[in-house]
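# Observations on the three-dimensional arrangement
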Amino acid sequence: MGSDDKNSRAESASPGRAPRPADDARRRTLKVLIAAGGAAFGCALAVPAAVFVMAPLREDGKGGARWVKTVNLDALTEGEPRKVAIVADQRDAWTVAKNVELGAVWLMRRGNDVVALAAACPHLGCSIHAVIDPAPGFACPCHTSEFDAAGKKISGPSPRDMDPLATKIEDGAVFVDFHRFRNGVAERVRVGV
Ligand code: FES
C-alpha cells in the first residue's frame, strides 16, 4: 500500500472535514421534523389541560347560561304562580355532585311563554312565597318585604326587585337559566350556582 493511499484515508476519516451538502440538507430536515413534532405534542397536551383548568370557571355560573329543566309547560296554569325546585349537578372546583337542589324559582305562565323569578329574597336570601290577598304578588316572611305580581318591590328591606331569570321552552318542557345573586345589595350581581 502506497503512502498516497494512506494519506487519502486519513483525510476522509478526519472529524474536522467540511460537511457535504447532502449531510446539511438531512440535518435541516431532521431539525424541522423534531420542531414540528414537539409543537404538535405540546398542543396535544395544552388543549385538554386548558379544558380541565377552565372547567370550574365555566360551571360556576359566571361564564354563561346554565339551563336547567323544570316542569312541562302544560303543568302551569295562567295566573297561578308555581314554585319549582331547581335540581342539577353541582360542580365544586373539580368535583361534581349529582342532582343537587340548587334553589327554587317561581314560574308564571304567559300564554306559551313563562316568566321566572328567583324564590330567594334579595335581602338575606329567605324563601319568598306567593300571596293572593290583598292583591296577587309575593312576600318574604323574614323581614316582611313585599313584591307585586311582576316581582317589583313594594315595601320592606329588600334592596331590589325579585331576581328575574331567563326561560325557554323545548319539547314542551320549561328550562330556566338558573343563577344565584348577591344578597343585600341594590345591584344585581351573579355569585354562581
Ligand atoms: S330576607 Fe327577605 S326581607 Fe329579609
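Going by the structure above, here's the rest.
A short tour of the structure in this document, coming up. (Residues numbered from 1 in each chain as written. Predicted model: local features only at pLDDT ≥ 70, side-chain atom pairs only at ≥ 80, totals over all residues. Heavy atoms only, no water.)

## Overview of the state of the cysteines
Should the sulfur atoms of two cysteines be covalently bonded, the bond is a disulfide. Defined as follows: Note on terminology: pairs of cysteine sulfur atoms within 2.5 Å are recorded as disulfides. By definition, any uninterrupted DSSP run of H or I lasting at least four residues is a helix, any uninterrupted run of E lasting at least two residues is a strand, and each is numbered from the N terminus. Only protein chains enter the accessibility calculation, which uses a 1.4 Å probe. A residue is then buried if its area is under 20% of the maximum for its type, exposed if over 50%, and partly exposed in between.
Here the structure, examined in full by the defined rule, presents one disulfide. Note on cysteine connectivity: Cys-126 is disulfide-linked to Cys-142, with sulfurs 1.9 Å apart. With the S-S bond torsion at -95 degrees, the cross-link from Cys-126 to Cys-142 turns out left-handed. Within this pair, whereas Cys-126 is found in the loop between strand S4 (113-118) and strand S5 (129-131), its partner Cys-142 is found in the loop between strand S6 (137-139) and strand S7 (146-148), the two being separated by 16 residues in sequence. Take Cys-126: its relative accessible area is 22%, and that puts it in the partly exposed class. For Cys-142, a relative accessible area of 38% puts it in the partly exposed group.

## Let's talk about the sheet that holds strand S2 (residues 82-92)
The line we're drawing: When DSSP finds two or more bridges between a pair of strands, those strands are recorded as paired.
Spatial strand order, S2-S3-S4-S9: four strands in an open sheet with antiparallel pairing. For this open sheet the edge positions go to S2 and strand S9 (164-165), each flanked by a neighbour on one side alone. Here 10 bridges tie S2 to strand S3 (residues 95-110), and the two strands are oriented antiparallel to one another. Paired with Asp-92 across the strands is Thr-95, a residue of S3.

## Section: the side chain of Asp-177
For clarity, the threshold we go by: A positive count includes Lys and Arg, and a negative count includes Asp and Glu. His and the chain ends are not counted in either. Just to be clear on terms, a salt bridge is a Lys or Arg side-chain nitrogen sitting within 4 Å of an Asp or Glu carboxyl oxygen. As used in this structure description, the phrase polar contact means that two N or O atoms lie within 3.5 Å; if the pair is within protein, one of them must be able to donate a hydrogen and the other to accept it, and residues adjacent in sequence are counted only when both atoms belong to side chains. Here, two residues are considered to be in contact whenever any of their heavy atoms come within 4.5 Å of each other.
On the secondary structure map, Asp-177 appears in strand S11 (residues 173-177). As a buried residue without a salt bridge, Asp-177 has its nearest oppositely charged side chain in Arg-190, at a separation of 4.3 Å. Separated by 2.5 Å, the side chain of Asp-177 and the backbone nitrogen of Arg-66 make a polar contact. Excluding its chain neighbours within four sequence positions, the residues that come into contact with Asp-177 are Ala-65, Arg-66, Trp-67, Leu-165, Ala-166 and Arg-190.

## What about the pattern of salt bridges?
Scanning all chains against the criterion turns up four salt bridges. Notably, a salt bridge pairs Lys-98 with Asp-89, separated by 3.1 Å at the nearest N-O pair. Exposure remark for Lys-98: the relative accessible area of 61% places this residue in the exposed category. Residue Asp-89 is classed as partly exposed on the basis of its relative accessible area, which comes to 27%. Between Arg-188 and Asp-163 there is a salt bridge; the shortest N-O distance is 2.6 Å. Of the two residues, Arg-188 is situated in the loop between strand S12 (180-181) and strand S13 (190-192) and Asp-163 in the loop between strand S8 (153-155) and S9; the sequence distance between them amounts to 25 residues. Assessed through its relative accessible area of 37%, Arg-188 is described here as partly exposed.

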